[in-house]
Amino acid sequence: MNPNYPTKRPTDDAYLHDEEEPRLPTELLNMPWIDGHNHAHTLSWDDRERYALSGCEGMVMVSSGYHWTPYKPVRASDVRFLWDDAVNRRAAIERNHFFRARLGLGIHTGVRIEDPDELLEAMDGYCQLPEVVAVGETGVTPSQHVEAWGLDEQRAIVQAQMELATQHDLPVILHTPNTSSSSGRSYRPAFGVPGYEKNYGLGQEPVITGENPALKAVKIDIEAAHDAGLPEDRVVASHADQNNIQYLMKETECYLSFTIGHSWLIGVGPADVADAIDEYGPERIMIDTDCANILKTDPYAIKRAMFELYRYGIDTDAIRKVVWENPRDVYGFSN
Ligand SMILES: [Zn+2]
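**Comments concerning the coordination of the zinc ion**
Moving on, step 1. Within the first shell, the zinc ion binds the protein through His37 (NE2), His39 (NE2), Glu137 (OE) and Asp290 (OD), at distances of 2.1 to 2.2 Å.
Moving on, step 2. Viewed at the metal, the four donor atoms of the zinc ion are separated by angles of 85 to 173°, and the geometry they form is irregular.
Moving on, step 3. Taken in chain order, the donor set of the zinc ion reads H-x1-H-x97-E-x152-D. Residue histidine 37 is located in strand S1 (residues 33–38), and its partner glutamate 137 is located in strand S4 (residues 132–138); the two are separated by 100 residues in the primary sequence.
Moving on, step 4. We classify glutamate 137 as buried; its relative accessible area is 4%.

**With respect to the nonpolar core**
Moving on, step 1. Counting residues in hydrophobic clusters, the biggest one holds 100 residues, and the most contacted among them are Met162, Phe258, Ile287, Val323 and Tyr331.
Moving on, step 2. For this core, the element with the most residues is helix H6 (residues 213–227), which contributes seven residues.
Moving on, step 3. In this structure, tyrosine 331 is in contact with Gly36, Val60, Val133, Ala134, Pro171, Ile173, Val236 and Met286, ignoring residues within four places of it in sequence.

**What about the packing of aromatic side chains?**
Moving on, step 1. Evaluated as defined, the whole model comprises three aromatic pairs.
Moving on, step 2. Between tryptophan 33 and tyrosine 51, the aromatic rings sit 6.0 Å apart at their centres with planes inclined by 40°, giving tilted as the arrangement. Of this pair, tryptophan 33 sits in strand S1 while tyrosine 51 sits in helix H2 (residues 45–53); the two residues are 18 residues apart in sequence, bridging distant segments of the chain. As far as burial versus exposure is concerned, tryptophan 33 and tyrosine 51 are alike and both buried.
Moving on, step 3. Ring centres of tryptophan 83 and tyrosine 126 lie 5.0 Å apart, and the angle between their planes is 65°; on these two criteria the pair is classed as edge-to-face. With tryptophan 83 in helix H3 (residues 76–97) and tyrosine 126 in helix H4 (residues 116–127), this pair connects stretches of sequence that are 43 residues apart.
Moving on, step 4. On the basis of relative accessibility, which here comes to 0%, the residue tryptophan 83 falls in the buried class.
Moving on, step 5. Between the NZ or CZ atom of lysine 296 and the centre of the ring of tryptophan 264, over which it lies, the distance is 4.7 Å.

**Let's talk about the pairing of strand S3 (residues 100–105)**
Moving on, step 1. For S3, the tally of buried residues reaches five of six residues, placing the bulk of the element in the interior.
Moving on, step 2. Remark: the strand S2 (residues 56–63)/H3/S3 crossover connection has right-handed handedness.
Moving on, step 3. Note that S3 and S4 share three bridges and pair parallel. Following the sheet pairing, leucine 103 is matched in S4 by valine 132.
Moving on, step 4. Tracing the backbone out of S3, into H4 and back to the parallel element S4 gives a crossover that is right-handed.

The rules behind these values
Residues numbered from 1 in each chain as written. Predicted model: local features only at pLDDT ≥ 70, side-chain atom pairs only at ≥ 80, totals over all residues. Heavy atoms only, no water. Donors = N, O, S within 2.8 Å, 3.2 Å for Na, K, Ca; no water. Tetrahedral: all angles 85-135°; square planar, octahedral: opposite > 155°, others 65-115°. Helix = DSSP H or I, 4+ residues; strand = E, 2+ residues; numbered from the N terminus. Buried < 20%, exposed > 50% of the residue type's maximum accessible area, 1.4 Å probe, protein only. Core = buried A, V, L, I, M, F, W, Y, C linked by side-chain atoms within 4.5 Å. Contact = heavy atoms within 4.5 Å. Phe/Tyr/Trp six-rings, centres within 6.5 Å; stacked < 30°, edge-to-face > 60°. Lys NZ or Arg CZ within 6 Å of the ring centre and 35° of its normal. Right-handed = clockwise from strand over helix to strand, strands pointing away. Pairing = 2+ DSSP bridges.

In structure tokens:
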């Protein structure tokens, strides 16, 4: 104990004095990061400012979600409107917040689209835009909203998008279905899950069945990538969870992106990311927020996770690789 402390009686500090002080990872305070999957164009101005305030240097704003098309089933023109809205607003978002906002455009199979070929034809032109840095999010889904969509048709739409990605040398953001849930109880069916604007009662019977439909869906997507000539390392599997980590890391070369902006919903957080880095290294791991206006989401999630990863024992070089270098290289932010 240091006898020179002027406090009336010893405080913690008098005892701590003998201990070696931990090195503070101050480099994390200003480390740049990129959110490789969000829907920030649907958020408020203030939420986008939160990204900038916490050091975000770039993001991929994904426009593909059926959540934002009001009519069901969806027509090609409805999705086209979503793409055009994102294209229209992107530059103003960059000028307002100074981070680089790039786009991911895709056809989501969460709701049936009546005339998808029309959309695929148009997509080729969008893929040539310099601001479009990814195709997606897409990927076969076990069940749809309002009206089921057959698995063969879904797979064809996913593969066709992967073929376009191959032609344009773009990565594909894969929407992998989640199995994890943070709560042991379910809510009254009439009200669904608070924090997620969705009429749960309109969910349809699954078109992928069997023991593990969520993993089966991912395996079908990877097969589609092979058939499309898309290299596995051009696939970013978003919404990674305990159900698909092992398959994706051990049996494929895909990138794994942990969605941590709504951990309360899918039960995946920084501890899962830390475990995956320990087990597989940081080379093929990323973090995204999936922040969107239809969900209770946190624009600070990546910044918070950077601190949390360090607390969990991950070194700052590995953190930089996961939140900055990997998304920068895969989505071409250095160009
Ligand atoms: Zn998303």
